Amino acid sequence: MIAVVGGGITGLATGFELDRIGADFVVLEARDRPGGVIRSDVVDGSVLDWGPQRARLTASLRRMIDALGLESEVVTAPADLDLYIYRAGRLRRLPFNVARFAFSDVVSLGAKLRALAEPFTTEARPDERVADFFTRKFGRELYETVIGPLYGGLYASDPRNMEVGLSLIHVLREFGIGRSLLLRLLGRGGAIQAPPACSFTGGMQVLPDALARSLGRRFRRRTPVRALTLGGGGWRVETDSGEVLEASDVVLTTPAPVTAGLLESIVPRTSSAIAQLRYNPLVVAHVRADTDLRGIGFKVSFAEEDMLLTGVTFNESLFAREKLYTAYMGGARNPQVTSMSHEELSVRVLDEFRRTTGFEGRLLSLQHERMPAWDLSWRGLRDLDVPPGLHIAGNWWSRPGLPGRLAEAASLVRKLGPEPVEVPPALVRG
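Residues numbered from 1 in each chain as written. Predicted model: local features only at pLDDT ≥ 70, side-chain atom pairs only at ≥ 80, totals over all residues. Heavy atoms only, no water.

Q: Hey, could you run me through the overall build of the chain in this one?
A: Within the chain, the regular secondary structure consists of 16 helices and 20 strands. Over its C-alpha atoms the chain spans a radius of gyration of 22 Å, differing by no more than 12% from the 22 Å that the globule rule assigns to 430 residues. Overall, the C-alpha framework of the chain stretches about 65 × 50 × 45 Å when taken along its three principal axes. Taking all 430 residues of the chain together, the buried fraction comes to 52%. Counting only contacts in the chain whose residues sit at least 6 apart along the sequence, the fraction spanning at least 24 positions is 69%. Carbon and sulfur atoms form 53% of the exposed surface of the chain, whose accessible area is close to 19,100 Å². If the 53 positive side-chain charges of the chain are averaged to one point and the 50 negative ones to another, these points end up 4 Å apart. (Helix = DSSP H or I, 4+ residues; strand = E, 2+ residues; numbered from the N terminus. Rg over C-alpha atoms; globule rule 2.2 N^0.38 Å. Buried < 20%, exposed > 50% of the residue type's maximum accessible area, 1.4 Å probe, protein only. Contact = heavy atoms within 4.5 Å. Areas by Shrake-Rupley, 256 points an atom, 1.4 Å probe, with all protein chains shown as cover. Lys, Arg positive; Asp, Glu negative; His and termini not counted. Charge placed at Lys NZ, Arg CZ, Asp CG, Glu CD.)

Have a look at this one:
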């Protein structure tokens, strides 16, 4: 039997893939709710997400949606929505097309001309900081206004404390980018094209809920794992209730602090390295506002140093969630949010929402979240000792984001068992 510890999206996707190959497995989740960082609910008539607001409808996600029978619940964003950058007192459109970018006011003419020198710069060095890499490739203004807020926003992190070899190099390789990002973009027609953004009518929580249902009794909620023991024939997995499960393999998809605790008595050095990983504080606030805004949302330029707000998602435009906007504050650049009161944060988010958009808002929800930083503390994960039969997965271990989680689950299961037998979706749903 294979024991998957953790019922977040990585653990559930691993169970989904194990089910496809007919493996004997169980997914153990400590809490009552599946999904991990994916969490949705209805507040005051609005569907709110506190984790990811959307996903990209990649081929792997589409396959999963079809198998789970969720086609009718998928909501896709309009294809013509723009992203904005808040800089120097107003929102500025950020085109995803090189030709349109040349005529935009998101950065100065000097910054655009500086970017043209990018093909003559050297390729990425694994040991350089992400901020230094993007600055020497495209110049300081373009980095601080566009690239830094976009890239750092993926992790609520500060690219000055991120290393290319730890957080960026795999993305460059995946997209076949060598010396020049600009030439690669021009070779693709000068436009950034990605699968459509999507969510579900009931929020992103719909996906983990459906995965948990599809696994039936093999998904066990309210089952925290207390200890792991490596024996002669495999692994002993002890739950908080005292139950002991015998497993040939164990897949840990739990957050880094939980994983470190489970490994402390087995591989102390590995446990210590994982325990040192930093998580960034992030405040997620949902705002109801009557506006004429239309777009994906906006990011705040790093030059706006007095602001706690890092960006806002326009849920109304994306998924027709009337008058709903999700605002983010904090991250590695503004860690003081952890010491501010709920009242202080509530006032600040509405003030900065008004400052950036020009519209008044009403607060629906404000909560603290934490995100893996993928910063220099990730250096400790190099050359770790992991015992045979133990597999580590999760958004802090390899590529974050929903597509990355699905890809890791599929890759891991290919190592654990034979090729899957294709089963008609109707049978999978049953």
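Next comes the rest of the description.
Q: Explanation requested: the sheet that holds strand β5 (residues 55-56) in the structure shown.
A: Strand pairing in a sheet is mediated by backbone hydrogen bonds. Such pairs are either parallel or antiparallel. Across the sheet, which stays open at both edges, the three strands sit in the order β5-β9-β6 with antiparallel pairing between neighbours. Bordering the open sheet on either side are β5 and β6 (74-76), each of which pairs with just one other strand. Pairing of β5 with strand β9 (residues 197-200), which is carried by two bridges, proceeds in the antiparallel orientation. The residue of β9 that forms the bridge with Ala 55 is Cys 198. (Pairing = 2+ DSSP bridges.)

Q: Which parts of the structure should I look at to understand a nonpolar patch on the surface?
A: Together, Leu 109, Leu 113 and Leu 116 make up an exposed nonpolar region whose accessible area comes to about 330 Å². For Leu 109, the location among the structural elements is in helix α4 (residues 109-115). Overall, Leu 109 belongs to the exposed group, its relative accessible area being 60%. (Patch = residues over 30% accessible without salt bridge, like charges linked within 9 Å, V, L, I, M, F, W, Y side chains within 5 Å. Salt bridge = Lys/Arg side-chain N within 4 Å of Asp/Glu carboxyl O.)

Q: Would you mind going over the environment of Pro 400 with me for this structure?
A: Note that Pro 400 resides in the loop between β20 (390-392) and α15 (402-416). A relative accessible area of 23% places Pro 400 in the partly exposed class. As for Pro 400 and Asp 249, which are separated by 151 residues in sequence, their C-alpha atoms are 23 Å apart. Not counting the four nearest positions on each side in its chain, Pro 400 is found in contact with Tyr 155, Trp 374, Asn 395 and Arg 405.

Q: Sorry if this is basic, but what is going on with the side chain of Glu 163 here?
A: In this fold, Glu 163 is placed in the loop between α6 (140-153) and α7 (164-167). In this structure, Glu 163 is in contact with Pro 126, Asp 127, Glu 128, Arg 129, Val 130, Leu 168, Leu 376, Arg 379 and Arg 382, ignoring residues within four places of it in sequence.

Q: Help me out: how do you make sense of the packing of aromatic side chains in this one?
A: In this description, a pair of aromatic rings is defined by centroid distance and the angle of the planes. In the structure shown here, the tally under the stated rule is nine aromatic pairs. By the ring-pair criterion, three or more aromatic residues cluster together here, those being Phe 133, Phe 134, Tyr 151 and Tyr 155. Lying over the aromatic face of Phe 302, Arg 333 brings its terminal NZ or CZ to 3.8 Å of the ring centre. (Phe/Tyr/Trp six-rings, centres within 6.5 Å; stacked < 30°, edge-to-face > 60°. Lys NZ or Arg CZ within 6 Å of the ring centre and 35° of its normal.)

Q: Explanation requested: unusual backbone geometry in the structure shown.
A: Backbone geometry follows two general trends: most residues other than glycine have a negative phi, and most peptide bonds adopt the trans configuration. Phi at Ala 320 takes a positive value of approximately 55°, unusual for a residue other than glycine. If you trace the backbone, Ala 320 turns up in the loop between α13 (315-319) and β18 (324-330). For Ala 320, a relative accessible area of 68% corresponds to the exposed category. At Trp 374, a residue that is not glycine, the phi angle is positive and equals roughly 50°. By secondary structure assignment, the location of Trp 374 is in the loop between β19 (362-372) and β20. By relative accessible area, which is 5% here, Trp 374 ends up buried.

Q: What should I look at first to understand the pairing of strand β4 (residues 46-49) in this one?
A: If a strand is regular, its side chains alternate between the two faces of the sheet. Of the two faces of β4, the one lined by Ser 46 and Leu 48 and the one lined by Val 47 and Asp 49 are each fully buried. Where strand β3 (residues 40-43) lies against β4, four bridges are found, and the strand directions are antiparallel. Bridging from a neighbouring strand, Val 43 pairs with Ser 46 of β4. In sequence, β3 turns back onto β4 through a hairpin of two residues, with Asp 44 there showing a positive phi of about 55°.

Q: Sorry, what's going on with helix α2 (residues 59-68) here?
A: Within an α-helix, residues lying three or four positions from one another point in the same direction, as the helix has 3.6 residues per turn. Those residues of α2 not exposed but buried are Leu 61, Met 64, Ile 65, Ala 67 and Leu 68. Buried residues of α2, seen end-on, are gathered within an arc of 165° and therefore sit on one face of the element. Once α2 ends, the next one or two residues include Gly 69, with phi positive near 70°. (Arc of directions from axis to C-beta.)

Q: Could you clarify how one ought to interpret the packing of helix α1 (residues 9-20) against helix α10 (residues 206-215) in this entry?
A: The geometry of a pair of packed helices is captured by two quantities: the angle between their axes and the separation between those axes. Packing of α1 against α10 leaves a shortest axis separation of 10 Å and a crossing angle of 40°. Taken together, the axis directions place α1 and α10 in an arrangement best described as oblique. Regarding α1 and α10, the two cross each other, and that crossing is left-handed. Counted together, Ile 9, Leu 12, Ala 13, Gly 15, Phe 16 and Asp 19 of α1 and Leu 207, Pro 208, Leu 211, Ala 212, Ser 214 and Leu 215 of α10 form the full contact between these two elements. (Axes fitted to C-alpha atoms, helices over the stretch in contact; angles between N-to-C directions. Parallel < 35°, antiparallel > 145°, perpendicular 65-115°, else oblique. Left-handed = near helix turned anticlockwise from the far one by under 90°.)

Q: Teacher, can you tell me more about the sheet that holds strand β11 (residues 225-231) here?
A: Read across the sheet, three strands follow the order β11-β12-β13 without closing on themselves; strand pairing throughout is antiparallel. Each end of this open sheet is capped by a strand with a single partner; those strands are β11 and β13 (244-247). The mean inter-strand angle of the sheet, taken between neighbouring strand axes irrespective of direction, is 20°. In the sheet, β11 pairs with strand β12 (residues 234-239) via six bridges, with the strands oriented antiparallel. Bridging across to β12, Leu 230 finds its partner in Trp 235.

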